[in-house]
Amino acid sequence: MKRSNRLGTGFQSNEEIRKRNTQRIKTVADRSMARVVGPRKIWSRALLFKLRNRARIQVGLRKRCLVSKKKKVLGKEKKVQVISREPNRADNLRKLVPGGDSMDICSLLEETAHYIKCLATQVKVMQSIADLYST
């Protein structure tokens, strides 16, 4: 028992377990929703791509934790002028819809409508599952 605590594999609190399970459920729900739609919609392709990369990144982060390297930046720093502009409604919508950054406004609205329908269906399915297990 003492050895497992020293190695950092001690017991997790209920809150940590709940957060981990919540994230797993959300990931599975998003993945299943995107797979049902398939590659027909940009948002589903973007969501599947994001989930695949998230798994790869987590594996890479575990490897990086074992070996830490410091990189030095050599050379002169270049000054970059950033033009700031206030984001409009379309920019805000692009942040919410997976894959929205690469869409024109017409495609963005079509994809958003479809994404909202799928999310609503996902909520209904999850409510049915919760009702089934709560009784």
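The structure we're discussing is the one just above.
Each value, and the rule that gives it
- Residues numbered from 1 in each chain as written.
- Predicted model: local features only at pLDDT ≥ 70, side-chain atom pairs only at ≥ 80, totals over all residues.
- Heavy atoms only, no water.
- Buried < 20%, exposed > 50% of the residue type's maximum accessible area, 1.4 Å probe, protein only.
- Helix = DSSP H or I, 4+ residues; strand = E, 2+ residues; numbered from the N terminus.
- Arc of directions from axis to C-beta.
- Contact = heavy atoms within 4.5 Å.
- Polar contact = N/O pair within 3.5 Å; in protein donor to acceptor, adjacent residues only side chain to side chain.
- Axes fitted to C-alpha atoms, helices over the stretch in contact; angles between N-to-C directions.
- Parallel < 35°, antiparallel > 145°, perpendicular 65-115°, else oblique.
- Left-handed = near helix turned anticlockwise from the far one by under 90°.
- Nonpolar A, V, L, I, M, F, W, Y, C, P; charged D, E, K, R; others polar.
- Core = buried A, V, L, I, M, F, W, Y, C linked by side-chain atoms within 4.5 Å.
- Patch = residues over 30% accessible without salt bridge, like charges linked within 9 Å, V, L, I, M, F, W, Y side chains within 5 Å.
- Areas by Shrake-Rupley, 256 points an atom, 1.4 Å probe, with all protein chains shown as cover.
- Salt bridge = Lys/Arg side-chain N within 4 Å of Asp/Glu carboxyl O.

With respect to helix α4 (residues 89-96)
Argument step 1. Where α4 is concerned, the buried positions are A90, D91 and R94. In a view along the axis of α4, the buried residues occupy a sector of 100°, so they form one face of it. Residues of α4 that are exposed and point over 90 degrees away from its buried face: R89, K95 and L96.
Argument step 2. In the core, the buried residues of α4 are packed alongside α5 (105-134).
Argument step 3. Residue N88 occupies the N-cap position of α4, its side-chain oxygen lying 3.3 Å from the main-chain nitrogen of A90.

What about the packing of α4 against α5?
Argument step 1. Following both chains from N to C, one finds α4 and α5 inclined at 45°, their axes separated by 11 Å at the closest point. On the basis of the axis angle, α4 is oblique to α5. Note that α4 runs across α5; the crossing there is left-handed. Only I105, L108, L109, T112 and Y115 of α5 make contact with α4, whose side of the interface consists of A90, L93, R94 and L96.
Argument step 2. Taken together, the residues that form the contact of α4 with α5 break down as seven nonpolar, one polar and one charged.

Quick look at the side chain of S44
Argument step 1. For S44, the location among the structural elements is in helix α3 (residues 42-66).
Argument step 2. For S44, a relative accessible area of 0% translates into the label buried.
Argument step 3. Sequence-distant contacts of S44, that is, excluding residues within four places in its chain, are made with A34, V37, G38 and P39.

Quick notes on the nonpolar core
Argument step 1. If you look at the biggest cluster of nonpolar residues, it comprises twelve residues: M33, A34, V37, W43, L47, L48, L51, V97, M103, L108, Y115 and C118.
Argument step 2. At the level of secondary structure, the elements contributing two or more residues to this core comprise α2 (14-37), α3 and α5.
Argument step 3. The greatest single-element share of this core, amounting to four residues, is contributed by α3.
Argument step 4. What C118 contacts, discounting residues up to four positions off in sequence, is M33, V37 and W43.

Points about the packing of α2 against α5
Argument step 1. Where α2 contacts α5, the two axes come as close as 11 Å, and the packing angle between them is 125°. Relative to α5, α2 is oriented oblique. α2 and α5 meet at a crossing whose hand is right-handed. Where α2 abuts α5, its residues I25, A29, D30, M33 and V37 lie against H114, Y115, C118, L119, Q122 and M126.
Argument step 2. Across the contact of α2 with α5, the residue classes break down as eight nonpolar, two polar and one charged.

Examining a nonpolar patch on the surface
Argument step 1. Taken together, the side chains of V125, I129, L132 and Y133 make up a nonpolar region of the molecular surface, amounting to roughly 470 Å² of accessible area.
Argument step 2. Mapped onto the elements of the fold, L132 is located in helix α5.
Argument step 3. We classify L132 as exposed; its relative accessible area is 60%.

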